[in-house]
Amino acid sequence: ELQSANLHARLGREMQETHVIEEQSGISERALLAAYEASLAIASEIDLDIVLQRIVDLGRDLVAARYGALGVTDAVGTIQSFITSGLDPDERASIGPLPRGKGLLGALATTHMPMLIPDMQADPRSAGFPQNHPPMKSLLGVPILLHERSVGDLYLCDRIDGEPFDMHDLAIVQVLATHASTAIDRATLYREIAVSRKDAEAQRDQLQSILDNLPTAVFIQSSEDMSIELANTAALEMFGIQGRPLQNVPIHGTDFSFIDEEGAPLDSRELPGARARSGETLRNLQLLIEKRDGLRTPVLVQAGPLLGPTGKVGRVVVVMQDVTQLREAEQLKDDFISLVSHELRTPITAIYGGAQFLSTHQHSVSASTHDEILGDIAIESERLNQMLSNLISLAAIRAGRVEPTTEPVLLFPLVQKVTGLLRVRTQQHTFVSSIDDDIPPVEADPNHLEQVLRNLFENAMKYSPNGGEIITSARHHCGLVTLSIADSGLGIATEYLSELFERFRRPGAPPTVRGMGLGLYLSRQMVHAQGGTLSAASDGPGKGATFSITLPVADGWQHPSFDEHAP
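Every chain's residues receive numbers from 1 upward, in the order its sequence appears when written. For a predicted model such as this one, the threshold for reporting local features is a pLDDT of at least 70, and the threshold for listing and counting side-chain atom pairs is 80 or more; totals across whole chains, interfaces and linings nevertheless cover every residue. Excluded from the side-chain calculation are hydrogens and water; included are all heavy atoms of the structure.

**Observations concerning the overall build of the chain**
Let me state the cut-off plainly: A helix here means a DSSP run of H or I that spans at least four residues, while a strand means a run of E at least two residues long, and both kinds are numbered starting from the N terminus. In this scheme, a residue with accessible area under 20% of its type's maximum is buried, one over 50% is exposed, and one in between is partly exposed, where area comes from a 1.4 Å probe on protein chains only. Contact definition: two residues touch when any of their heavy atoms are within 4.5 Å. Note that accessible areas follow from Shrake-Rupley with a 1.4 Å probe, and for residues the cover is restricted to the protein chains shown.
Looking only at helices and strands, one finds 15 helices and 18 strands in the chain. The 567 residues of the chain split such that 46% are buried. In the chain, of all internal contacts separated by at least 6 residues, the share reaching a separation of at least 24 is 63%. Total accessible area computed for the chain in this model is approximately 28900 Å², and 51% of it derives from carbon and sulfur atoms.

In structure tokens form, the structure reads like this:
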């Protein structure tokens with residue numbers, strides 16, 4: 001029974017890795033590695049008192065704080081225990097009884113909101129320090145929440161270097177707090193599980209449910225024969241097993257296999273479980289999982305031993321994170337850098353070359369040649385400016401900073417403005433506008449909408465290399481206006497229509513057509529931000545394409561002939 005309780009009490013360790021991976025896009029590599037270290041350190045103990053002390057000690061280590069404290073609270077927020085770090089026993093004893101949760105401690109316990117305070121004494125919420133309390137200045141406070149329930153608060157005071165805590169410190173400690181919540185809950189559950197077998201079974205089922213709802217794959221192996229005793233739903237799915245078998249468990253070498261990044265099978269002694277059985281703790285081991293059907297998944301593996309009551313390794317736990325998306329993102333970054341370098345080089349070369357030629361041959365070049373080169377410089381400068389505008393817009397969209405300011409916008413004058421700017425860049429294309437006078441204004445951001453139109457018109461020019469008409473039309477129906485831009489160019493195959501608006505994708509585009517694959521993606525994002533839609537249609541290759549923007553009619557607009565229910 002004790003072995004069973006010990007096993008199931010340790011199943012929560014995979015929760016730390018799950019939260020860390022989910023946060024890695026916004027925290028530095030240092031914080032990510034520190035969080036893994038923290039999760040393994042916390043998960044190595046099941047004694048609640050040791051877990052609590054490790055949490056506060058790890059908090060101090062992560063941000064180099066001079067002092068730390070962990071207040072464990074009950075359901076109504078009353079501090080039940082207060083664990084400190086950085087104070088010797090005499091200092092701790094001289095401070096007196098448990099704090100009552102007033103002042104800044106109470107503010108954190110009440111609001112459950114993180115706090116960064118450079119000077120506690122200057123904060124109006126401060127209730128001061130009790131007698132014999134060592135002087136402290138800066139404070140970093142983080143609530144420890146399990147789902148929506150508070151289990152305590154972590155306080156860190158005075159960085160050793162004398163600087164106030166910053167947002168990076170806060171981000172690292174918040175990751176630790178996520179680990180701490182599951183660690184505290186797990187250690188508390190262990191105490192409760194030990195009371196009776198009935199409680200042990202209930203907690204086992206609860207932990208299994210928690211594991212099955214986590215995206216991180218976890219399985220437990222016996223240290224005797226390395227058979228898998230327990231695997232969560234995510235692990236079964238990673239192995240290609242649908243549903244939860246009641247009797248059969250996955251078998252390495254039959255249902256799945258670990259292989260190295262070169263595709264070679266691992267020696268039995270090099271398997272994560274075998275290495276953990278020998279007492280080794282594995283961190284961030286990159287491997288591939290090969291399923292029975294031959295499909296492979298890149299994974300980041302963590303593994304460690306689970307000690308039994310006698311202190312010997314009884315079982316091992318293996319945690320796996322699918323890093324397919326991370327690798328794709330890394331490849332996307334590399335492709336993006338290569339693409340931008342290539343696309344920027346062409347206009348920059350033209351601008352530099354033209355300017356250099358005019359500078360060195362200003363007295364010998366003919367007037368017509370002079371004007372032609374200046375025209376090329378102007379066109380390439382405008383092209384470069386549009387590229388940079390798109391890159392800036394991309395950064396704003398990715399950061400969530402696109403906040404359109406809408407107003408009534410008449411489409412005909414805006415279309416005329418954009419096409420007028422583009423006419424000087426082409427002699428092959430003819431811009432035709434058939435927007436009726438009774439088309440109402442739309443509710444839109446004029447600057448964002450102008451950039452969208454510019455992207456769509458340039459796209460029509462680019463994919464109509466032989467020239468032709470680019471026709472703009474509009475129609476009004478039931479409070480919406482649809483503006484369509486149609487060309488007679490290369491057209492789009494049906495299978496590529498769904499991929500047109502993806503970043504850095506140019507499905508079906510011939511290699512002779514330049515572009516970064518950003519214009520359509522940015523255009524759709526900007527239109528969506530204005531409450532509209534952007535779609536594409538084509539009858540197929542060689543039959544041109546039509547892009548349609550649909551936006552709501554301007555707020556408050558009315559027309560005597562307007563009928564909301566007109567067909």
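**Focus: the side chain of serine 85**
We apply this condition: Here a polar contact is taken to be a pair of N or O atoms separated by no more than 3.5 Å, where protein atoms must pair a possible hydrogen donor with a possible acceptor and residues adjacent in sequence count only if both atoms sit in side chains.
Checked against the element boundaries, serine 85 lands in strand β2 (residues 79–85). One polar contact links serine 85 to arginine 60, side chain to side chain, over a distance of 2.9 Å. Ignoring sequence-local partners within four residues, the contact set of serine 85 consists of Gln53, Val56, Asp57, Arg60, Arg66, Tyr67 and Gly68.

**A look at the pattern of salt bridges**
One side chain can pair with another of opposite charge once the charged atoms of both are near each other. Basically, it comes down to this: We count a salt bridge whenever a side-chain nitrogen from Lys or Arg sits within 4 Å of a carboxyl oxygen from Asp or Glu.
Taken as a whole and judged by the stated rule, the model has 13 salt bridges. Ionic pairing is found between aspartate 185 and arginine 149, a salt bridge with its closest N-O pair at 3.5 Å. With a gap of 36 residues between them, aspartate 185 in helix α7 (residues 167–193) and arginine 149 in strand β5 (residues 149–159) connect regions that are remote in the sequence. By relative accessible area, aspartate 185 is classed as buried at 17%.

**Here we look at the nonpolar core**
Test applied: For the purposes of this section, nonpolar cores are sets of buried Ala, Val, Leu, Ile, Met, Phe, Trp, Tyr and Cys residues that join through side-chain atoms within 4.5 Å.
Grouped together as the largest cluster of nonpolar side chains are 35 residues, with contacts concentrated most on Val442, Leu449, Leu453, Leu456, Phe457, Phe547 and Ile549. No other element matches the seven residues that helix α14 (residues 446–462) contributes to this core. Apart from residues no more than four positions distant in its own chain, valine 442 is found in contact with Glu407, Pro408, Val409, Leu411, Leu449, Val481, Leu551, Pro552, Val553 and Ala554. Counting 31 residues, the second largest nonpolar core, distinct from the first, contains Ile42, Ile83, Leu156 and Ala183.

**A few points about the sheet that holds strand β16 (residues 480–487)**
Let me state the cut-off plainly: Should DSSP find at least two bridges between two strands, the strands are taken to pair. Interaxial angle, 0 to 180 degrees, is taken between N-to-C directions of lines fitted to C-alpha atoms, where a helix line uses only the stretch in contact.
Strand order in the open sheet formed by five strands is β13-β15-β16-β18-β17, with mixed pairing between adjacent strands. For this open sheet the edge positions go to β13 (429–434) and β17 (533–537), each flanked by a neighbour on one side alone. Averaged over all pairs of adjacent strands, the angle between their axes in this sheet comes to 15 degrees, without regard to strand direction. Both strand β15 (residues 468–477) and β16 contribute to a ladder of seven bridges, which runs antiparallel. Across the sheet, residue histidine 477 finds its bridge partner in β16, namely leucine 480.

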